[in-house]
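# Survey of secondary and tertiary structure
The residues making up each chain are set out below.
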Amino acid sequence: MENLEQIKSEIIAQINAVSDLKALDDVRVSAMGKKGRITEMMKNLGTLPLEEKIALGKNLNVIKNEIESALEAQKKILEEKALNEKLAQEKIDITLPIRPETQGRIHPVSKIYEEVAAIFGQMGFEIAEGPDIEDQFHNFNALNMPANHPARQMQDTFYLNSDTTKPFDMDTAYVARTQTSGIQIRTMEKQQPPIRIIAPGRTYRSDYDATHTPMFHQVEGLVIDKNITMAHLKGCLYDFVKAFFELDELPVRYRPSYFPFTEPSAEMDIGCLKTKTELKVGAGTDWLEILGCGMVHPNVLKAGGIDPNEYQGFAFGLGLDRLAMLKYGIPDLRTFFESDVRWLKHYGFTPLDISSMTGGLSNNGGLAR
Ligand code: DAH
């Protein structure tokens, strides 16, 4: 009997000493499992004379019950402890910001430029650049727009008086470039075909309202090679607009137009739905002009030092700011250049969202908003 009491208190002490459920189960197995101490004693009962068997059996049953309730009680305590630990680990401080707040923002115009560069980059276009302050040869004359050409009046040019000691001469003055098209000429001067470039840049015209600012952004495109046709132009620009608007299908049409430096010239429209409050690209029965384009005029090739009998090409011009307004639903162009950090925080993009054709252009419409 004494022996039994001792075994019991040993087991109960073990039960109370464990600090996790696994250890508790080990104690249970060592006492009550198939080969446990108590189980073994139960098994041995059969070998005893009847009277001892009855007495010991009774005591064993009592002890067994006590051990079981001790196990049960300790299990409850340990389960509660485990739950509390888990809860403490999973605790979320809901007063913390949702994610670390990055401070800088990418301006929508920069973002759109990165998107355009990613698309044309994948098509094998290189980036070309030219100066903001341009001479009239590159900005106008070489583009088939000689002095007094009526097309010059389409562009409200800023002329620069660079030498104030001499009287201002309208014909030789430098200009704040009115278009990125001059980079076509600068590229041809430096490089023989095949040419495949896009040329981004700031452009300037004396104009100011909700959709015009004196400084704005264009991207020029130029492809020159042997046997380039209007079909190449159409295919290239169709691929571009689909990639840019991240749509598999997009209705487009080419409308005949006029630019001095291309012949024939066209404007590309995309299908959309215009309502008073919304403009939805890719569906509906309305058309929206998106870019100017055409086959490079032979005079332009000549001015760039390229033989038009051997080479042909196509060119196009995009308004970046307009594309940004359209893609990201920004109503007033003037706000782009007011340097208001609240505006930038609202319409800007986080610097880590890098545009790529494989990783996503706008990063799931990844507005910082
Ligand atoms: N330079 C033109 C403008 O500013 C845009 C443009 C139209 C560029 C057609 C082109 C082109 O290269 O082919 O209005």
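Residues numbered from 1 in each chain as written. Predicted model: local features only at pLDDT ≥ 70, side-chain atom pairs only at ≥ 80, totals over all residues. Heavy atoms only, no water.

## As for the packing of helix α5 (residues 108–122) against helix α8 (residues 230–245)
One can describe the packing of α5 onto α8 by two numbers: an axis separation of 10 Å at closest approach and a directional angle of 135 degrees. Viewed along their axes, α5 and α8 adopt a mutual orientation that is oblique. Between α5 and α8 lies a crossing of right-handed hand. In contact with I112, E115, V116, I119 and F120 of α5, α8 contributes C236, F240, A243 and F244. Considering only residue class, the contact of α5 with α8 consists of eight nonpolar, no polar and one charged. (Axes fitted to C-alpha atoms, helices over the stretch in contact; angles between N-to-C directions. Helix = DSSP H or I, 4+ residues; strand = E, 2+ residues; numbered from the N terminus. Parallel < 35°, antiparallel > 145°, perpendicular 65-115°, else oblique. Left-handed = near helix turned anticlockwise from the far one by under 90°. Contact = heavy atoms within 4.5 Å. Nonpolar A, V, L, I, M, F, W, Y, C, P; charged D, E, K, R; others polar.)

## So, the nonpolar core
Counting 47 residues, the largest nonpolar core has V116, F245 and F316 as its most contacted members. Broken down by secondary-structure element, the contributors of at least two residues to this core are α5, β6 (215–225), α8, β8 (262–274), β10 (286–296), β11 (312–319), α10 (320–328) and α11 (341–347). The element best represented in this core is α8, accounting for eight residues. F316 has contacts with F120, F125, I198, V219, E220, G221, L237, L291, G292 and C293, leaving out every residue within four places of it along the chain. Formed by 23 residues, the second largest nonpolar core is a distinct cluster that contains L143, M145, M188 and A199. (Core = buried A, V, L, I, M, F, W, Y, C linked by side-chain atoms within 4.5 Å. Buried < 20%, exposed > 50% of the residue type's maximum accessible area, 1.4 Å probe, protein only.)

## Details of the sheet that holds strand β2 (residues 133–134)
Sheet architecture is open: three strands sit in the order β2-β4-β3, paired in antiparallel fashion. Edge strands, defined here as strands with exactly one partner in the open sheet, are β2 and β3 (158–160). Sheet topology places β3 next to strand β4 (residues 174–176); three bridges connect them, and they run antiparallel. Note on β4: the bridge partner recorded for L160 is Y174. (Pairing = 2+ DSSP bridges.)

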